[in-house]
Each structure stands twice: as C-alpha cells, then as structure tokens.
Amino acid sequence: MSTQPTRGLGAAAASMMSLDYPMSLGVHDSYASAQKVVDYLSDHEFPVESVLIVGTDLKQLERVTGRLTRGRILLGGLLSGAWLGLLIGLIFALFDTSGFSWTSVLATVVFGSVFGAIWAFVGYSFTGGQRDFTSVTQVVATKYEVLTEHKNAARGRELIAKMDPMAAMQAEAQRLQDAARRTASTEGPASPN
C-alpha cells in the first residue's frame, strides 16, 4: 500500500481528493474492509484512480498516559533545553575560527538546560493546574465509504457483487432505501384532496 501526502499542494490536492459525480460502492465498518474492496477492484483491472475512501463519523480519542507533575515538567524542559543547547553549541564550535572547543559546547548545553527548565516551569505555572496529565490523541472514523466516479459505478458494483454477493445485496438494498427516503423527504407529505 502506498499513500502520498497531499499537504501543501493547494489546488492540486483539492482536485486529487475529489471525484466527478461520486457514487457509493459501499460503506464499511473498518478501513481494512474498505481497503480490501479497493484491492479486489484493482486486481480485476477496475480504474482505481477514480476511487476514493472517505472516513465519516469522526471521533477523537484521547488516551491519558500519566500524571503531570512539577518534576516531570522540569525534567522535560531540562532535556529539551539540553538538546537545543547541544545543537547550538555544536554549530558554534564547528564555525569557531579559533578551533573546535568542547568547553563551549558543554557551556551551551548547560545554559540550554537551565533555560529550558525555567521556560517549561513558567509555562506550566500559567496554566494554573488546568491540565495536570499527559495524553495522546487520535482522530478516527467509525465508517469508511468507498466512492467512485459515476461512469464506473455500475462496473464497480458488479465486481463487488462477485466478491461478496450477500454483502452486495445488502448494500444495494440500503442504497435503494436511502434513495427512497431522500425522494420522500423532498416531495413532502401528500396533501389530502
């Protein structure tokens, strides 16, 4: 599987991530299931360059990983400051006209450590203890819809029906029910004569 990043491409990314008159080939509960369908279509020489997998019903998950204490704040600031100090010290030492000096590198590491610890502690103090924990977040989709351009939809549905006939019948029945609901809602309630 290969995915290409689209950030920073502007209009090119927008056109790459859109289809002409997209039509659904099915909705799946997992990305792996949607990917399996696209892989099957690709194996059967379907023009997969006109396929788009869209994650819908997004939700954000946040896993709490630990307590955030003053000690952890100071240690984190100390370490990040030390790394920055090491980088700056090495750059200065490499371009120093009097020669490379480990003393100047060590001095910038110490200065960076102290500065990082102070900076982190001041930043933490401004939060007022509002968020005293660390966490990792992730945005996930609960449904994945496989779309294709309208000109390829019929062929795609035929191939998917051969892949899993029961699932294809269920998806087609759901699609027809959704279309009937949309039609009924646009026509409105029938008026009595």
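Scroll up for the structure.
Read on for a plain summary of the structure. Residue positions are given per chain, counting from 1 as you read along its sequence in written order. Under the rules for a predicted model, residues below a pLDDT of 70 receive no local features and side-chain atom pairs below 80 are neither given nor counted, while totals for whole chains, interfaces and linings still include all residues. Hydrogens and water are ignored here; the side-chain numbers use all heavy atoms of the structure.

A short note on the overall build of the protein chain
The way it works is that DSSP assigns letters per residue, a run of H or I at least four long becomes a helix, a run of E at least two long becomes a strand, and they are numbered from the N terminus. Broken down by element type, the protein chain carries six helices and three strands. Listed by position from the N terminus, the elements making up the protein chain come as α-β-α-β-α-α-β-α-α. Exposure classes here rest on a 1.4 Å probe applied to the protein chains alone. A residue is buried below 20% of its type maximum, exposed above 50%, and partly exposed in between. With 193 residues in all, the protein chain has 22% of them scored as buried. Intrachain contacts of the protein chain at a sequence separation of at least 6 include 82% that bridge at least 24 residues. We call two residues in contact whenever any of their non-hydrogen atoms come within 4.5 Å of each other.

Quick notes on the environment of Phe 111
The topology assignment puts Phe 111 in helix H4 (residues 102-127). You can call Phe 111 exposed: its relative accessible area is 62%. For the pair Phe 111 and Leu 78, spaced 33 residues apart in sequence, the C-alpha separation works out to 9.9 Å.

Structural notes on the sheet that holds strand S1 (residues 22-28)
For two strands to be treated as a pair, DSSP must find no fewer than two bridges joining them. Taken together, the three strands give an open sheet; going across it, the order is S1-S3-S2, and neighbouring strands pair in antiparallel fashion. In this open sheet, the two edge strands, each paired with only one partner strand, are S1 and strand S2 (51-67). Mean inter-strand twist for the sheet, computed between neighbouring axes without regard to direction, equals 30°. Bridge count between S2 and strand S3 (residues 133-149): 15 bridges; the pairing is antiparallel. Note on S3: the bridge partner recorded for Val 54 is Glu 145. What counts as an axis is a line fitted to C-alpha atoms, over the stretch in contact for a helix, and the angles between N-to-C directions run from 0 to 180 degrees. Taken strand by strand, helix H2 (residues 31-43) contacts S1, S2 and S3, and its axis lies near 150° from that of S2.

Re the packing of aromatic side chains
Note on aromatic contacts: the rings of Phe and Tyr and the six-membered ring of Trp form a pair at centre separations within 6.5 Å, being stacked when their planes are under 30 degrees apart, edge-to-face when over 60 apart, and tilted otherwise. Taken as a whole and judged by the stated rule, the model has four aromatic pairs. Summarising the aromatic geometry, the rings of Phe 100 and Trp 102 are spaced 5.0 Å apart at their centres and angled 80° between planes, so their arrangement reads as edge-to-face. Residue Trp 102 is classed as exposed on the basis of its relative accessible area, which comes to 61%. Through a chain of ring-to-ring contacts, three or more aromatic side chains come together here, namely Phe 111, Phe 115 and Trp 119.

Here's the deal with a nonpolar patch on the surface
By definition, no residue in a patch forms a salt bridge, and every one has over 30% relative accessible area; like charges are joined within 9 Å, nonpolar side chains (Val, Leu, Ile, Met, Phe, Trp, Tyr) within 5 Å. Working definition of accessibility: Shrake-Rupley area with a 1.4 Å probe, residue cover restricted to the visible protein chains. When a carboxyl oxygen of Asp or Glu is within 4 Å of a side-chain nitrogen of Lys or Arg, the pair counts as a salt bridge. Nonpolar side chains collect at one region of the surface, where Leu 84, Leu 87, Ile 88, Leu 90, Ile 91, Phe 92, Leu 94, Phe 95, Phe 100 and Trp 102 lie side by side and expose about 1,100 Å² of accessible area between them. Broken down by element, the nonpolar patch gets its largest block of residues, seven residues, from helix H3 (residues 70-94). On the basis of relative accessible area, Ile 91 is assigned to the partly exposed category, the value being 40%.

Digging into the side chain of Glu 149
Counting through the fold element by element, Glu 149 comes out in strand S3. Ignoring sequence-local partners within four residues, the contact set of Glu 149 consists of Leu 19, Asp 20, Tyr 21 and Ser 50.

Observations regarding the packing of H2 against helix H5 (residues 153-163)
With their axes 10 Å apart at the nearest point, H2 and H5 run at an angle of 105° to one another. Between H2 and H5, the interaxial angle falls into the category roughly perpendicular. Mapping the contact onto sequence places Lys 36, Val 37, Tyr 40 and Leu 41 in H2 and Gly 156, Leu 159, Ile 160, Lys 162 and Met 163 in H5. In the scheme used here, Gly and all other residues not listed as nonpolar or charged are polar, with Ala, Val, Leu, Ile, Met, Phe, Trp, Tyr, Cys and Pro taken as nonpolar and Asp, Glu, Lys and Arg as charged. Taken together, the residues of the contact of H2 with H5 sort by class into six nonpolar, one polar and two charged. Angle categories are assigned with fixed cut-offs, so that under 35 degrees is roughly parallel, over 145 is roughly antiparallel, 65 to 115 is roughly perpendicular, and the rest are oblique.

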